[in-house]
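Survey of secondary and tertiary structure
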Amino acid sequence: MSGIPDLHTEVAPFEVRDGCLCVGGKTVVEIMSGVGSVPAYLYDANIIRDRIETLRKSLPDAMSLHYAMKANPMPEVVNLVARLVDGLDIASGGELEVAVKSGCDPKAMSLAGPGKKDWELKAAIDAGITINVESPNELERIGALSTDGSANVALRVNPDFELKSSGMRMSGGPKPFGIDSEMIPDVLKRLGELPVHFRGFHVFTGAQNLRPESICDAQVKSLELALDLSKHAPSPPEFVNIGGGFGIPYFPGDEPLDISSICENLGQLSAKLESAHPGCELVIELGRYLVGEAGVYVSRVIDKKVSRGHTYLVTDGGLHHHLSASGNFGQVIRKNYPVAVANKIGSADTELASVVGPLCTPLDLLGSKMELARADVGDLIAVFQSGAYGYTASPHLFLSHPPPLQLLL
Ligand SMILES: Cc1ncc(COP(=O)(O)O)c(C=O)c1O
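In short, a report on the structure. Predicted model, so just to flag it, every value in this text is computed and none were measured.

Criteria and thresholds
As a convention, each chain's residues are numbered from 1 in the sequence order in which they are written. Since the coordinates come from a predicted model, pLDDT governs what is reported: local features require at least 70, and pairs of side-chain atoms require 80 or more to be given and counted, while whole-chain, interface and lining totals use all residues. Computation of side-chain values covers all heavy atoms of the structure but excludes hydrogens and water. Numbering of helices and strands runs from the N terminus, with a helix taken as a DSSP run of H or I at least four residues long and a strand as a DSSP run of E at least two residues long. Categorising residues by exposure relies on relative accessible area from a 1.4 Å probe, with only protein chains included: less than 20% of the type maximum marks a residue as buried, more than 50% marks it as exposed, and the intermediate range marks it as partly exposed. Only heavy atoms matter for contacts: two residues are in contact if any of them lie within 4.5 Å across the pair. Salt bridges are defined as contacts in which a side-chain nitrogen from Lys or Arg sits within 4 Å of a carboxyl oxygen from Asp or Glu.

**Remarks on unusual backbone geometry**
One non-glycine residue, Asp18, adopts positive backbone phi at about 45°. Positionally, Asp18 belongs in the loop between strand S1 (16-17) and strand S2 (20-23). Accessibility expressed as a relative area gives 80% for Asp18, which makes it exposed. The phi angle at Ser400 is positive, at roughly 60°, despite the residue not being glycine. Within the secondary structure layout, Ser400 lies in the loop between strand S21 (380-383) and strand S22 (405-408). Residue Ser400 is classed as exposed on the basis of its relative accessible area of 67%.

**What about the side chain of Asn152?**
Among the secondary structure elements, Asn152 is positioned in strand S9 (residues 151-158). With near-sequence residues (within four places) excluded, Asn152 lies in contact with Gly128, Ile129, Thr130, Ile131, His197 and Arg199.

**Some points on the pattern of salt bridges**
If you walk through the whole model with that rule in mind, you get 23 salt bridges. Its salt-bridge partner being Arg56, residue Asp86 comes within 2.8 Å of it at the nearest N-O pair. Highlighted residues: Asp86 in the loop between helix H3 (75-82) and strand S6 (87-90) and Arg56 in helix H2 (residues 45-58), separated in sequence by 30 residues. Of the residues examined, Asp86 reaches a relative accessible area of 30% and is grouped as partly exposed. A relative accessible area of 28% places Arg56 in the partly exposed class. Where Asp118 meets Arg141, a salt bridge forms, and the shortest distance between an N and an O atom there is 2.8 Å. You can see Asp118 sitting in helix H5 (residues 118-127) and its partner Arg141 sitting in helix H6 (residues 136-145), a full 23 residues away along the chain. Judged by its relative accessible area of 41%, Asp118 is partly exposed. Judged by relative accessible area, which is 31%, Arg141 ranks as partly exposed. Residues participating in the shared-partner salt-bridge network are Lys304, Asp349, Glu351 and Arg374.

And the structure:
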């Protein structure tokens, strides 16, 4: 799309009409005039649908695709995605409620994450949702709650390897996630003594990876590990979840992930699992790859000022609504998300400007020194790649400004 700063890769195929960005067939000017005076996250249902359908065509038929709700738990988004995938990965009791209401089969849902409360474990047991066990203590607590033996459990394994070149590494070495692989044989032995039903293994090595060879390497190692550990299990695994890690291009120089070799690799792994454990499901769980590129965060320019030669566009949105675009959600060196003046896409009249928010902190930055269409007070600023880890990953209460809206269009 023209008008998006050159150094960023092409963003998702949002329509542009007469220089105005469209989401779900409507211009952002129309949409924003209907939402009142607050910024909004806008999610394009067709872009989500296309992304999932395209991915599914490349994945081996025999395997299962789960949606990690933490990426975007908005109920309307979950309801849409649940119809297009095979299952849901849930991270809390709150997400569990949304997941159950989506109509997805509870047998195809799993609850993962450290520090699960008793009420969350109980809710999962009652609903028939598989619990990915994160520690030996947690297994004991599940055993005590599963008085009728109905708890479905899988062991989340912390392997001794990591997902190389990942934005977020979640395995290898000491980690709060999962049970160290060398402890698993003993934990499986104990599991066999408890009134719980063993379903399989969960290995999640990391997130936000744009290197296919690293993802393939972790997938191969994860399956090998699960096959090895299954020798100690009380019954053959019903599924092996080898995580995800598929990244999306956020920053200048990032290239979209080429999934062809990953899908080919998954084909081989799926065949390998089938020959070792016929009928056992191979699962991957993805969040941002399914929804991240389908969302834009739109705020309004409230003030325009020049300070010692540098132009600032001051908006009604910022860090409190979109922590990750501000660079404060895991970035070591701050980089810009793709940003554009949403009602002036493709304008040849540009200027160098920084987009800031209304908070009294220099961290409240949505775009630093970007070449943008010349904007005025009242113009709309779009931050792309905002469909995941945006709304729910931000401190809305900070400085008591109103929260943003969310719309699925
Ligand atoms: C266990 C687990 N599953 C899935 C995800 C989703 O990752 P992503 O949104 O990068 O696909 C995460 C992210 O941290 C996770 O911890």
